[in-house]
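# A look at the structure
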Amino acid sequence: MSEINVQLNNGAEALLEAPVTVAEALKRLDRDAAKKALAARVNGREVDLGFTLGTESNGAPVQIEPVLPETLEGLDVLRHSTAHLLAAAVLDLFPGTKLGIGPALLEDPRYGFFYDVIAPRALTEADLPVIEKRMREIAKRNLSYRRDEIPKAEAIKIFAERDEPLKCELIEEKAGPVVSVYYIDGSPFIDFCLGPHVPNTNKLKAFKLLSLAGAYWKGDATQPQMQRIYGTAFFTQEELDAWIKQREEAERRDHRRLGRELDLFSIQEQYGQGLIFWHPKGALVRKAMEDYLYEELIKRNYSFVYTPHIARRELWKISGHEQNYGDSMFSPTKIEEQEFRLKPMNCPFHIGIYGSQQRSYRDLPQRYAEMGTVYRAELSGTLHGLMRVRGFTVDDAHIFCTPEQVLGEMIECVDFAAEVLKTFGFEKVKFELSVKGSDTTKQYLGADEDWAKAESAIAAALQEKGIPFERIEGEAAFYGPKVDFKIEDAIGRLWQLGTVQWDFNLPERFELEYIGEDNKPHRPAMVHRALFGSIERFFGILIEQYAGAFPMWLAPVQVAVLPITDRVNDYAERVARELREAGLRVELNLKSEKIGAKIRDAQLQKVPFMLVLGDREMEQGMVAVRERSRGDIGTMMLAEFRQMAQGLVESRAITTVQSRES
RNA sequence: GCCCGAGUAGCUCAGGGGUAGAGCGCCUCCUUGGUAAGGAGGAGGUCACGGGUUCAAAUCCCGUCUCGGGCUCCA
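Everything numeric in this text was worked out from a predicted model, so none of it was measured.

### Things to note about the sheet that holds strand E10 (residues 145–151)
Taken in spatial order, the three strands line up as E10-E11-E12 in an open sheet, and their pairing is antiparallel. Two strands close off the open sheet at either side, each with one partner strand: E10 and strand E12 (190–192). This sheet shows a mean twist of 30° between the axes of neighbouring strands, independent of strand direction. With three bridges joining them, strand E11 (residues 178–184) and E12 adopt antiparallel strand pairing. Bridge pairing in E12 places Tyr-182 opposite Asp-191. Packed onto the sheet, helix H6 (residues 165–174) meets E11 and E12 and runs at close to 30° relative to E12.

As structure tokens, this is what we get:
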């Protein structure tokens, strides 16, 4: 009988008789932690509570750290185990179901876990409550999660006997010589899994199944399609309820709903999927966005260009779009035996302008900016409100410069993007450095060395700027690596906004040149960049960001003028006119309604300021001001209000609240 | 494109083999009311489209289109 020295991460130590399980060791070290623990780390390695200590010790004490609730690790274990519970319930209800994978999800706030299955009959959403009920029944039976380690061949045999071909495939691909499998004792479920898991189903109390979706096996469209059941789990019912409530709140900010309620835009099926109609109010927001951008472009010494929407097919062969991007392009159309294709990107056109004359190094960099409308043949199933469409406008620019200037220009672009995003009040922006992948099905132009060189240069530049970024393989554009800015929508879906891309291929393909100091031709470098990315998508994100309550400078209607009685209608008209002359966007409500109803209308339209006008105000040339989030803020002279309102617009203040104090 | 679900008035939705419903919005009239809904009346629908079953289809079945949630893709 040997002894083993164990030490808890809080310092507590004990000498125990080996073999002993982690759960038993914990009980001796810290009763409270032992009760709450879901799993543990032993010498840094995550294990089940049922893990037997014995061989770890070679003199030094064995380090034990409980994995507790209310930690990310704890949540991971909880959700992963709940995914297993889900699979057990599905197997129970639908014998013959084939299992795919069932991980916990911690990064995506929409879900907590999923399990991919192929059931004998197609599952429908009506099955979810039934499955959830069975999960609760199983959880109540207090069944153990049991881990077993067996040779690979045996594992494959077990899963083959259960007719689980997908699991066999996974084991073949991923497993070492020894395979760990998990049972839920007393249920038909067994999984190929590393763990760790909760010891017991009674730890699983607060969970909910959310939705049913299609998902390709291994995420590959050529593989069979499975059904993915999404759910989430928390440690307590209160946390789950709070999460559900928060999600309902978020759904109220959906840009599609607000777009209709605030009359900002529409998509009309009789005109085509994924095509956006900007209504007058949405168009005003867009104009404010674009005006701001134009101002900034001028400050940063960009020049403006306008280019066609369509070009000869040959052009797209030269650029490589037809070969590398053709699937996303609208099919060619023919006129007088010549084929044309709609543009999916603006770059070749700006290249056309650069190439239209001889360039000197003294002229570089050339920065061409355009609100360029492009069309892409997106799959119908991917379309989503303003976020994914088939026709959209890019706040595009292409910078032609010397190779020495590229990095500086890229840093400028990232800077520019950061400033623009700040103006709109975005704080949670994610930067991604997308580079060429090893995946050979995707095509890339250019030599590997160039790709590697460009990547390390961009990474260095981002680091120098102190911008944290994530490196993503296989997401680069076909012509070069890029930096993307991404942001979440109301319910946590991540969308790409702007992008800065280094392109060492298109200048080559179009044989662009500039004459250098040495009086010889050289190849210029090229940077593609967009800050909003797609104006449509950025608008969608903005709607959700502000929940439709746009800051003053973006609000389509900035001031609602609301006369209390017909007697003051003339005065109200004068007020409206004066404010309009000062450049403000004003709506006058002369309806025969009581003031409460007029206020309610303006409030629902999320108009920043309401001016309530009655006899008192008319007599003194004043306005009673109501701000949408604070309510009545008192009476002031019309001129005073006008100045305040103009100040808010000019400063592009994000809230209407701080400004009055300032 | 693929998997599951859904399409009823401008919007949100109820109904469901036998004369098409509500609330909001819209129009008209009355009302002139001081900070989130004043009153009355009215207009408005081939129940997405096409086919089938049936004496009879908005309702059941099939197909198409569109939308929603995902997968794949991507600004």
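### Looking at the nonpolar core
Within the largest apolar cluster, 70 residues are counted, with the highest numbers of intra-cluster contacts made by Met-289, Phe-424, Phe-538, Phe-539, Leu-542, Phe-550 and Leu-554. Considering every element that reaches this core, the biggest residue donor is helix H13 (residues 406–423), with eight residues. If we ignore the near neighbours within four places in the chain, the residues touching Met-289 are Phe-424, Phe-532, Ile-535, Phe-538, Phe-539, Leu-542 and Leu-554. Judged by nonpolar contacts, the second largest core, of 38 residues, contains Leu-123, Ile-138, Phe-207 and Ala-233.

### Thoughts on the protein's contact with RNA strand B
Residues in close proximity to RNA strand B total 62 residues, the closest being Tyr-216, Gln-225, Arg-388, Gln-496 and Ile-564. Take the atoms of RNA strand B that sit within 4 Å of the protein: sugar and phosphate atoms are 51% of them. Here Arg-626 contributes a side-chain N or O atom positioned 3.0 Å from a sugar or linking oxygen of RNA strand B. Looking at the surface near RNA strand B, the elements that each hand over two or more residues are strand E13 (206–216), strand E14 (225–234), helix H8 (255–261), strand E26 (494–503), strand E29 (525–534), helix H18 (595–604), helix H19 (615–620) and strand E33 (622–627). Considering each element in turn, the surface near RNA strand B owes the most residues, seven residues, to H18. Of the residues contributing to the surface near RNA strand B, the split by class is 19 nonpolar, 19 polar and 24 charged.

### Focus: empty space enclosed by the protein
What the rule picks out here adds up to three cavities of 30 Å³ or more. Its boundaries defined by the atoms lining it, the largest cavity holds a volume of some 110 Å³. Lining the largest cavity are 13 residues, with Lys-281, Pro-556, Val-557, Gln-605 and Lys-606 positioned closest to its centre. Here the lining of the largest cavity is composed, by residue class, of seven nonpolar, two polar and four charged.

### Notes on the side chain of Asn-589
Tracing the backbone through its elements, the reader meets Asn-589 in the loop between strand E31 (586–588) and H18. Not counting residues up to four positions away in its chain, the partners in contact with Asn-589 are Val-561, Leu-562, Pro-563, Lys-598 and Asp-601.

### Describing the domain arrangement of chain A
The assigned domain composition of chain A is domain 1 (2–67), domain 2 (72–241), domain 3 (266–307 + 361–545) and domain 4 (559–650). Distance between the C-alpha centres of domain 3 and domain 4: 41 Å.

### Thoughts on the state of the cysteines
Under the criterion given, the structure shown has zero disulfides. Not engaged in a disulfide, the cysteine Cys-347 finds its nearest cysteine sulfur in Cys-413; these two sulfurs lie 14 Å apart. Its sulfur unpaired, Cys-401 is 9.2 Å from the next cysteine sulfur, which belongs to Cys-413.

### Details of the packing of aromatic side chains
Think of a pair of aromatic rings as described by two things: how far the centres are apart, and how the planes are tilted against each other in angle. Evaluation of the coordinates by the stated rule reveals 26 aromatic pairs. Arranged with centres 5.6 Å apart and planes meeting at 65°, the rings of Tyr-292 and Trp-553 form a pair that is edge-to-face. A residue pair is termed long-range when its members are at least 10 positions apart, and Tyr-292 in helix H9 (residues 280–299) and Trp-553 in the loop between helix H16 (535–545) and strand E30 (559–563) qualify at 261 residues. For the pair formed by Tyr-292 and Trp-553, the shared burial category is buried. Considering the side-chain rings of Tyr-546 and Phe-550, the 6.1 Å spacing of their centres and the 65° angle between planes classify their relative orientation as edge-to-face. No difference in accessibility class separates Tyr-546 from Phe-550, as the two residues are buried. Grouping aromatic residues by their ring pairs yields a cluster made of Tyr-292, Phe-424, Phe-426, Phe-532, Phe-538 and Trp-553. Over the face of the ring belonging to Phe-234 we find Arg-79, whose NZ or CZ atom lies 4.9 Å from the ring centre. One cation-aromatic arrangement involves Arg-136 over Phe-207; the distance from NZ or CZ to the ring centre is 4.5 Å.

### Here's the deal with the packing of helix H3 (residues 72–93) against helix H4 (residues 127–140)
The N-to-C vectors of H3 and H4 enclose an angle of 110°; their axes lie 9 Å apart at closest approach. As the angle between them shows, H3 and H4 are arranged roughly perpendicular. In this structure, H3 contributes Thr-82, Leu-85, Leu-86, Ala-88, Ala-89, Val-90, Asp-92 and Leu-93 to the contact, and H4 contributes Val-130, Ile-131, Arg-134, Met-135, Ile-138 and Ala-139. In the contact of H3 with H4, the residues fall into eleven nonpolar, one polar and two charged.

### As for the confidence of the model for chain A
Close reading of the predicted structure is inappropriate where its pLDDT is low. Confidence along chain A averages 90 in pLDDT terms, with 97% of residues attaining 70 or more. Low pLDDT, under 50, characterises residues 658–662; the predicted model gives this stretch seven contacts beyond four residues in sequence or across chains. Both scores are available for the predicted complex, with the pTM at 0.91 and the ipTM at 0.93.

### Here's the deal with unusual backbone geometry
The linkage connecting Gly-195 with the following residue, Pro-196, adopts the cis geometry, with an omega of 0°. When you line up the elements, Pro-196 lands in the loop between E12 and E13. At Asn-142, a residue that is not glycine, the phi angle is positive and equals roughly 60°. Residues other than glycine seldom take positive phi values, yet Ala-547 does so here, at roughly 50°.

### Details of helix H1 (residues 22–29)
For an α-helix, the turn length of 3.6 residues means that residues three or four places apart are oriented alike. Every buried residue of H1 is accounted for by Val-22, Ala-25, Leu-26 and Leu-29. In a view along the axis of H1, the buried residues occupy a sector of 100°, so they form one face of it.

### Topic: the packing of helix H5 (residues 152–161) against H6
Between H5 and H6, whose axes approach to 8 Å, the crossing angle comes to 165°. Classified by the angle between their axes, H5 and H6 sit roughly antiparallel to one another. Seen from above, H5 lies across H6 with left-handed handedness. On H6, the residues that touch Lys-152, Ala-155, Ile-156, Phe-159 and Ala-160 of H5 are Lys-167, Cys-168, Ile-171 and Glu-172.

Cut-offs used in this document
Residues numbered from 1 in each chain as written. Chains lettered and ligands numbered in written order. Predicted model: local features only at pLDDT ≥ 70, side-chain atom pairs only at ≥ 80, totals over all residues. Heavy atoms only, no water. Pairing = 2+ DSSP bridges. Helix = DSSP H or I, 4+ residues; strand = E, 2+ residues; numbered from the N terminus. Axes fitted to C-alpha atoms, helices over the stretch in contact; angles between N-to-C directions. Contact = heavy atoms within 4.5 Å. Core = buried A, V, L, I, M, F, W, Y, C linked by side-chain atoms within 4.5 Å. Buried < 20%, exposed > 50% of the residue type's maximum accessible area, 1.4 Å probe, protein only. Near = heavy atom within 4 Å. Polar contact = N/O pair within 3.5 Å; in protein donor to acceptor, adjacent residues only side chain to side chain. Nonpolar A, V, L, I, M, F, W, Y, C, P; charged D, E, K, R; others polar. 1 Å grid on protein atoms, 1.4 Å probe; cavity = no way out; pocket = protein on both sides within 12 Å on 5 of 7 lines; lining within 4 Å. Points joined across faces, edges and corners; volume = space filled by probe spheres on them. Domains from an automatic or database assignment. Disulfide = S-S within 2.5 Å. Phe/Tyr/Trp six-rings, centres within 6.5 Å; stacked < 30°, edge-to-face > 60°. Lys NZ or Arg CZ within 6 Å of the ring centre and 35° of its normal. Parallel < 35°, antiparallel > 145°, perpendicular 65-115°, else oblique. pLDDT = per-residue confidence, 0-100. Arc of directions from axis to C-beta. Left-handed = near helix turned anticlockwise from the far one by under 90°.

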